[in-house]
Amino acid sequence: MGAAVSGRCAGPLLPPCPGPPGHAPTAPAPRLSRMELRAGDSWGIFTFLCAALCNLPVLPALNCTEELGAGQSIQKTYDLTRYLEHQLRTLAGTYLNYLGPPFNEPDFNPPRLARAERVPSATVDLDLWRGLTDNARLAANYRAYSRLLCYLRALDGQAGTAELRHRLGHFCSSLQGLVLSIAGVMSSLGYPLPAGPAGPPAPPGTPVAPNDFLKKMDDFWLLKELQTWLWRSAKDFNRLKKKVPPAVVTLRLEARGF
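Reading the values: the criteria
- Residues numbered from 1 in each chain as written.
- Predicted model: local features only at pLDDT ≥ 70, side-chain atom pairs only at ≥ 80, totals over all residues.
- Heavy atoms only, no water.
- Axes fitted to C-alpha atoms, helices over the stretch in contact; angles between N-to-C directions.
- Helix = DSSP H or I, 4+ residues; strand = E, 2+ residues; numbered from the N terminus.
- Left-handed = near helix turned anticlockwise from the far one by under 90°.
- Contact = heavy atoms within 4.5 Å.
- Nonpolar A, V, L, I, M, F, W, Y, C, P; charged D, E, K, R; others polar.
- Parallel < 35°, antiparallel > 145°, perpendicular 65-115°, else oblique.
- Phe/Tyr/Trp six-rings, centres within 6.5 Å; stacked < 30°, edge-to-face > 60°.
- Buried < 20%, exposed > 50% of the residue type's maximum accessible area, 1.4 Å probe, protein only.
- Lys NZ or Arg CZ within 6 Å of the ring centre and 35° of its normal.
- 1 Å grid on protein atoms, 1.4 Å probe; cavity = no way out; pocket = protein on both sides within 12 Å on 5 of 7 lines; lining within 4 Å.
- Points joined across faces, edges and corners; volume = space filled by probe spheres on them.
- Salt bridge = Lys/Arg side-chain N within 4 Å of Asp/Glu carboxyl O.
- Expected span 1.5 Å × (residues − 1).

**Student:** Outline the packing of helix α5 (residues 162–188) against helix α6 (residues 212–243), supporting the account with residue identities and numerical values.
**Tutor:** Packed helices, taken two at a time, are described by their axes: the angle between them and the distance between them. Where α5 meets α6, the closest approach of the two axes is 14 Å, and the angle between their N-to-C directions is 35°. In this structure, α5 crosses over α6, and the sense of that crossing is left-handed. Residues Phe171, Leu178, Ile182 and Val185 of α5 lie in contact with α6, whose contacting residues are Leu226, Leu230, Phe237 and Leu240. In terms of residue class, the contact of α5 with α6 is built from 8 nonpolar, no polar and no charged.

This is the structure in C-alpha cells:
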C-alpha cells in the first residue's frame, strides 16, 4: 500500500510523527473500516459465489419441514368441535324461536319418537362408549356427522327467513369442516375411513311428517342430538390429544439433480 510509518501518533489531534532526519514527514497510513474490502478479497468472494451458483442444481438442499402430525390435527379438530358447540347454542336459540312454543320453552323435553330414529343417536352409555377403541369412536363420529350434515342441509332449504338460512348455511360449512378434520385425524393415525353412513338410510319416498307439529318435532330432535354429539366429541378429542405426542420439526436432506 504506502510507505511504512515509523511511529504512531498519540491521538487524532496530534501532528504526524516525524520520520528519520532528511526525510519529509509522511501521512499516516489509511485504516480500513470494517465494511471495506480489499480488491483481492472482493474478487475471491465473487469467484466463490459464481462457482456456487453454477453448481447449485447438484448441491444437496437442506429443507426445514414441519410435520403436521396427528397431535396437531387432533388439536385443530378439538378446537373446531368447541367452536361448533358455541355456534350451535346461537343457532338453536334462533331456530327454536322460529318453531315457536312449546319448542322454545326451556323445560320442553318430549320423548323421542320413532320418526326420530333416523337421526344418529348419541345416547350411548358412557362406559360402553369409552370402552371402544379410538378407531371405533372416530369412525362413529365421522359417520354421525356426515349424516347429521345431510339433515341440516335439508333444514337450510326449508328455513323461512333469510337470517335463519344464513345461520344454517354457515353452520353447515363449519360442520363440513369438522367431517373433513375427523377424516384427517383418522388418516394421520393410520385408520381407514368408514365405508357407509351411520344408521340405516331413509328409504326412497319416505313420507314427510303428517302434520306441522311432528315436522317441528323432527327438527327439535335433530338439534338435540347434534348438541349431544358435539359435547361428547369434545371430550373424545380432548382425551385423544393427551395420548398422541405433539408435532415435531424435522430437517430433510434432499438431493437435487437436473
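We are not done yet, so read on.
**Student:** Lay out the packing of helix α2 (residues 70–99) against α5 with the relevant residues and their values.
**Tutor:** At a minimum axis separation of 9 Å, α2 and α5 run at an interaxial angle of 155°. In terms of axis orientation, α2 runs roughly antiparallel to α5. For α2 against α5, the interelement crossing comes out left-handed.

**Student:** Go over the packing of aromatic side chains, please, and point to the residues and values.
**Tutor:** Within the structure shown, the criterion is met by 8 aromatic pairs. An angle of 40° between the planes, with centres 5.3 Å apart, marks the rings of Phe103 and Phe213 as tilted. In this pair, Phe103 sits in the loop between α2 and α3 (126–130) while Phe213 sits in helix α6, placing the two residues 110 residues apart along the sequence. Using a relative accessible area of 40% as the deciding quantity, one classes Phe213 as partly exposed. Taken together, the ring pairs in this structure connect Phe103, Phe108, Phe213, Phe220 and Trp221 into an aromatic cluster. It is Arg232 that lies over the ring of Trp129; its NZ or CZ is 3.7 Å from the centre. A cation over a ring is seen here: Arg232 above Trp229, with NZ or CZ 4.6 Å from the ring centre.

**Student:** Please give an account of the environment of Leu222 that cites residues and values.
**Tutor:** In this fold, Leu222 is placed in helix α6. Take Leu222: its relative accessible area is 4%, and that puts it in the buried class. Residues Leu222 and Leu155, 67 residues apart in the sequence, show an inter-C-alpha distance of 9.8 Å. Those residues in contact with Leu222 that sit more than four places away from it in its chain are Val119, Leu148, Tyr151, Leu152 and Leu155.

**Student:** Can you explain empty space enclosed by the protein? Please cite residues and give values.
**Tutor:** A complete count under the given rule lists 1 cavity of 30 Å³ or more for this structure. Empty space within the largest cavity amounts to approximately 40 Å³. Every residue along the wall of the largest cavity is listed here: Leu126, Arg130, Trp231, Arg232, Lys235 and Arg239. Only α3 and α6 provide two or more residues apiece to the lining of the largest cavity. With 4 residues, the single largest contributor to the lining of the largest cavity is α6. Taken together, the residues that form the lining of the largest cavity break down as 2 nonpolar, no polar and 4 charged.

**Student:** Residue-level account of the side chain of Asp236, with values.
**Tutor:** Position of Asp236 relative to the elements: it lies in helix α6. Exposure remark for Asp236: the relative accessible area of 7% places this residue in the buried category. In this view, Asp236 contacts Trp129, Arg137 and Asn141; residues no more than four positions away in its chain are not counted.

**Student:** Let's hear about the pattern of salt bridges: which residues, and what values?
**Tutor:** Side-chain pairs of opposite charge can arise whenever the charged atoms involved come near each other. Taken as a whole and assessed by the stated rule, the structure comprises 7 salt bridges. Residues Asp134 and Arg137 are paired through a salt bridge, measuring 2.5 Å at the closest nitrogen-oxygen approach. Of this pair, Asp134 and Arg137 both sit in helix α4 (residues 134–158), separated by 3 residues, roughly a single helical turn. As far as the burial class goes, Asp134 and Arg137 line up, both buried. Shared partners join several salt bridges into a network, and the residues in it are Asp134, Arg137 and Lys243.

**Student:** Residues and numbers for α2, please.
**Tutor:** For α2, which comprises 30 residues, the first-to-last C-alpha distance of 41 Å matches the rise-based estimate of 44 Å (1.5 Å per residue) to within 8%. Positive phi appears at Gly100, one or two residues downstream of α2, with a value of about 85°.

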